[in-house]
Amino acid sequence: MTEAPAPEFVIREYLREHLMPHFLCPGCGHGIALRALLWAVHELGITKDRLAIVSGIGCSGRIGAYVDANTFHVTHGRPLAFATGLKLARPDLEVVVITGDGDCLAIGGNHLIHACRRNLNITCMMLNNEVYGMTGGQVSPTTSNSRYTTTTPLGNFEPTFDACALAEGAGAGFVGREITLQTPALKNLLREGLAYPGFAFIEVISDCTEIYGRKNDLGNSAEMVLSQKAAARPDVYTNSVDRPFRPNQLRTGVLARKDRPEYAAARQRHLQSLGNVE
Amino acid sequence: MSTEPATTTQNLEGNEACALGAIAGGCRFYAGYPITPSSEIAERMASELPGVGGVFIQMEDEIASMAAILGASMGGLKVMTATSGPGFSLKQENLGLAVATEIPCVIIDVMRGGPSTGLPTRPAQGDYMQARWGTHGDHAIIVLTPASVAEIYAQTIRAFNLAEAFRTPVVILYEETIGHLRETVDLPAPETIEIIDRQWAAPDDRNFLPYRPGTDGIPAMPRPGDGHRTHMTGLTHGEDGFPTQKPEAIAAANRHLSHKLEPHLDRIEQFEIVAGEDAEVIVVACGLVARAAKRAVAKARAKGIRAGLFRPITLWPFPTLPLQALLQPAGAVIVAEMNAGQLIAEVERHAGDHCRVVGLNRIDGEAITPSQILQQIEELAND
């Protein structure tokens, strides 16, 4: 069987251009993540009418509105819970959640772990920029040690969440992480997550240049993403840590992929076994 | 052969009647979280929904339950959740999202004593104001207060019709006692039940504006996948669904949310008047207390006291004009409620100067009795 080559990806075809210019700060990584997501959607042939994007509150929550699809901007921390209802009601929709480190790991943390446990076929893209950007730069569950934020004026001393380890531990069938600099790799990861029949959790290491980078002397956007690249340890060379010069603490790529029963399919099988549905 | 459709008679608990009413009203998605004294609703929905092609899910918390029903409603299903006081508090944030984005949904609050964990197994009427104003910001909302098991069944069906017709959350409040009360109910034949569906936008209309009010003032809903590709947000939005900072658009959006039910009060308001025509003393009461009040009014009449009852079935929007008409000739009104005095403020501001308004309250976890109400009626009649 031969497949016709997919038409070239033109991001404008997926955007609500009348909403431009967008509200993101110069140097913010969120736009690159959105581009990678739409690129993956394009390659998988998911139509805009079948695409549903659910997002929460924060900078991450606002970017869904730019997509020419069925978009739902809900309450802080609750996009996974809203998406669970939407997907159960409409299995025909491709439901994608766009969330952030505060939205997903702090106020929405309970919904994340139960979404991972259920393994309903939703793709969750969590943009991790280590800070609450929309509210002016407060500490988040992923803010690195010693970093300054408006609510850690003396530097952060709290431990951080490893979001991917959390998702895997809670049972997510598919877990991955990527940096925005590796846009094609991020696109491939999102594509794999979208195609995965179950709950896919993808952490995108984004950068908040204006509010977080500036306050911590992390350099401009290019310097921030290059330092992310230096820290990354792609799954293809998992064990080649270049100590002591590069700790490569940030594992990227597909971090977990398990064959677990997808929620809706498991429910259907269970009811069928009882003769409860046709 | 009779052409009269067959009814079936069942002995049901209030919470069961609520679940059966929901199924009959078209509910096909339920998300909930266990809480006393409402859990029997979830239990019955869990066993009923799979058989009618619906989905039941027990979520991780009350907040998630409310969010999930909104997602399912935007997907096109008729949806419900049920809870009690503490859970209702947790749902308020997403209830606000339902208000702002005009998502049809039904929320059951089986009232128990509060505040906080309060009295989980005892009745109260402390959520009248939480149901009206629990979520932040100005808005209209529909709240129903059935007073019997049969009425819970009927009002749950009606709640779905109102939610779908007017794109609004509808809250049903009833007390723990009625939730766990068993009564005989005549269930109507399904084909005789009036079912109202939401107004869907015409498919593939790319110029469709998701928040432009229709001829009845209510916007049609876009079904995902029908080609509209609209945006929904809890941010204040214009008719196109996108956030707005324009003062005139903000004012229009908020006016709409506050006043959209007003042209439809004739379809929304329901109330019961007992012995009202020549009454000098009117008792205003809802739900469980109205049952006691009905008995007290009958006893007062037997004693020659001209007493009457006004029972809002639709608590919000409050049936102001019907009450005012009733109070015109009356000299006194007793507002009997199992809280420290919530409904009385609403009655006071509509009663007029000629009418004395007296509260009869009970906040000890016990029901107000007919004799308590009768005593109050007699005192006022002798004044």
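Predicted, not measured: the structure shown is a model, and the values here were computed from it. Numbers given to residues run from 1 along each chain, matching the order in which its sequence is written. Chains and ligands are labelled sequentially in the order written, the chains with letters from A and the ligands with numbers from 1. For this predicted model, a pLDDT threshold of at least 70 governs which residues receive local features, and a threshold of 80 or more governs which side-chain atom pairs are given and counted, while totals over whole chains, interfaces and linings are taken from all residues. Working from all heavy atoms in the structure, the side-chain values ignore hydrogens and water.

## Digging into the overall build of chain B
Here is step 1 of the chain: What counts as a helix is a DSSP run of H or I of at least four residues, what counts as a strand is a run of E of at least two, and both are numbered from the N terminus. Broken down by element type, chain B carries 13 helices and 16 strands.
Here is step 2 of the chain: Taken over the C-alpha trace, chain B has a radius of gyration of 21 Å; the compact-globule value for 383 residues is 21 Å, and the two agree within 12%.
Here is step 3 of the chain: Dimensions of chain B, computed from the C-alpha atoms along their principal axes, are close to 70 × 50 × 50 Å.
Here is step 4 of the chain: In what follows, a contact means two residues having at least one pair of non-hydrogen atoms within 4.5 Å. For chain B, contacts bridging at least 24 residues in sequence account for 76% of all contacts bridging at least 6.
Here is step 5 of the chain: His residues and chain termini do not enter the charge count, which takes Lys and Arg as positive and Asp and Glu as negative. Here the site of a charge means atom NZ of a Lys, CZ of an Arg, CG of an Asp or CD of a Glu. Chain B carries 30 positive and 46 negative side-chain charges, and their two centres are separated by 1 Å. Atoms counted for the radius of gyration: C-alpha only. Globule rule: 2.2 Å times the number of residues to the power 0.38.

## Let's talk about the packing of helix 3 (residues 79-89) of chain A against helix 3 (residues 62-75) of chain B
Here is step 1 of the chain: The convention used is that axes are lines fitted to C-alpha atoms, helices contributing only their stretch in contact, and that angles between N-to-C directions extend from 0 to 180 degrees. At their nearest, the axes of helix 3 of chain A and helix 3 of chain B sit 6 Å apart, and the two run at 40° to each other. The angle between the axes of helix 3 of chain A and helix 3 of chain B places the two elements in the oblique class. Classified by chirality, the crossing of helix 3 of chain B by helix 3 of chain A is right-handed. Only Ala64, Ala67, Ala68, Leu70, Gly71, Ala72, Met74 and Gly75 of chain B of helix 3 of chain B make contact with helix 3 of chain A, whose side of the interface consists of Ala81, Phe82, Gly85, Leu86 and Ala89 of chain A.
Here is step 2 of the chain: Considered class by class, the residues forming the contact of helix 3 of chain A with helix 3 of chain B number 10 nonpolar, 3 polar and no charged. Between 65 and 115 degrees an angle is taken as roughly perpendicular, under 35 as roughly parallel, over 145 as roughly antiparallel, and anywhere else as oblique. Take the far helix as the reference: if the near one is turned anticlockwise from it by less than a right angle, the crossing is left-handed, and if turned clockwise, right-handed. Polar here means any residue outside two lists: the nonpolar Ala, Val, Leu, Ile, Met, Phe, Trp, Tyr, Cys and Pro, and the charged Asp, Glu, Lys and Arg; Gly therefore counts as polar.

## Considering helix 3 of chain B
All names here are of chain B.
Here is step 1 of the chain: With 14 residues, helix 3 should cover 20 Å at 1.5 Å per step; its first-to-last C-alpha distance of 20 Å lies within 8% of that length.
Here is step 2 of the chain: Within helix 3, 14 of the 14 residues are buried, leaving the element largely enclosed by the surrounding structure.
Here is step 3 of the chain: Pairs of N or O atoms within 3.5 Å make up the polar contacts considered here, provided that, within protein, one atom can donate a hydrogen while the other can accept it, and that residues adjacent in sequence are counted only when both atoms are side-chain atoms. Where helix 3 begins, one side-chain oxygen reaches toward the backbone nitrogen of isoleucine 63, 3.1 Å away; that side chain belongs to aspartate 61.
Here is step 4 of the chain: Just beyond helix 3, the residue with positive phi is glycine 76, at close to 120°. Helix span, expected: 1.5 Å multiplied by one less than the number of residues in the helix. Relative accessibility under 20% of the residue-type maximum defines a buried residue, over 50% an exposed one, and the middle range a partly exposed one, all with a 1.4 Å probe and only protein chains included.

## A closer look at the pattern of salt bridges
One side chain can pair with another of opposite charge once the charged atoms of both are near each other.
Here is step 1 of the chain: In the sections that follow, a salt bridge refers to a side-chain nitrogen of Lys or Arg positioned within 4 Å of a carboxyl oxygen of Asp or Glu. Following the criterion strictly, the structure yields 33 salt bridges over all chains and no others.
Here is step 2 of the chain: Ionic pairing is found between lysine 91 of chain B and glutamate 62 of chain B, a salt bridge with its closest N-O pair at 2.9 Å. Taken together, the positions of lysine 91 of chain B in helix 4 (residues 85-101) and glutamate 62 of chain B in helix 3 put the pair 29 residues apart, joining distant regions of the chain. When sorted by exposure, lysine 91 of chain B lands in the same class as glutamate 62 of chain B, which is buried.
Here is step 3 of the chain: One salt bridge connects arginine 311 of chain B with glutamate 272 of chain B, and the closest N-O pair in it is separated by 2.7 Å. Of this pair, arginine 311 of chain B sits in strand 13 (residues 307-312) while glutamate 272 of chain B sits in strand 11 (residues 271-274), placing them 39 residues apart in sequence.
Here is step 4 of the chain: Judged by its relative accessible area of 6%, arginine 311 of chain B is buried.
Here is step 5 of the chain: The structure contains a network of salt bridges with shared partners spanning Lys48, Asp49 and Asp68 of chain A together with Arg206 and Arg229 of chain B.

## Remarks on the sheet that holds strand 1 (residues 51-55) of chain A
Here is step 1 of the chain: Pairing in this open sheet of 9 strands is mixed, and the strands run 9(A)-10(A)-7(A)-8(A)-4(A)-3(A)-1(A)-2(A)-10(B) from one edge to the other. Only two strands of the sheet have a single neighbouring strand rather than two, namely strand 9 (232-234) of chain A together with strand 10 (231-233) of chain B. Going across the sheet, the axis of each strand differs from the next one's by a mean of 20°, ignoring polarity.
Here is step 2 of the chain: Relative to the sheet, helix 3 of chain A contacts strand 1, strand 2 (70-73), strand 3 (94-100) and strand 4 (123-128) of chain A together with strand 10 of chain B, its axis offset from that of strand 3 of chain A by approximately 175°. Note on pairing: DSSP must find at least two bridges between two strands before they are called paired.

## Observations concerning helix 9 (residues 221-231) of chain A
Residue and element names in this part refer to chain A.
Here is step 1 of the chain: Buried within helix 9 we find Ser221, Met224, Val225 and Gln228. Along the axis of helix 9, the buried positions cluster into a sector of 90°, meaning they face one direction only.
Here is step 2 of the chain: Elements in contact with the buried residues of helix 9: strand 7 (174-179), strand 8 (200-205), helix 8 (209-213), strand 9 and strand 10 (250-257).
Here is step 3 of the chain: With a side-chain oxygen lying 3.1 Å from the backbone nitrogen of alanine 222, the N-terminal cap of helix 9 falls on asparagine 220. Throughout, the arc means that of the directions going from the helix axis to the C-beta atoms.

## Re empty space enclosed by the protein
Here is step 1 of the chain: Put simply, the grid is 1 Å and covers the protein atoms alone, a cavity is a trapped set of points that fit a 1.4 Å probe, a pocket is an open set with protein on both sides within 12 Å along at least five of seven lines, and lining residues have an atom within 4 Å of a point. Grid points are joined across faces, edges and corners, and a volume is the space filled by probe spheres set on the points. Applying the stated criterion to the full structure yields 2 cavities of 30 Å³ or more.
Here is step 2 of the chain: Elements that contribute at least two residues to the lining of the largest cavity include exactly strand 2 of chain A together with strand 10 of chain B.
Here is step 3 of the chain: Residue contributions to the lining of the largest cavity peak at 3 residues, all from strand 2 of chain A.
Here is step 4 of the chain: Taken together, the residues that form the lining of the largest cavity break down as 7 nonpolar, 7 polar and 4 charged.
Here is step 5 of the chain: Val99, His139, Ala140, Arg167, Thr168, Pro169, Leu257 and Lys260 of chain B are the residues that line the second largest cavity.

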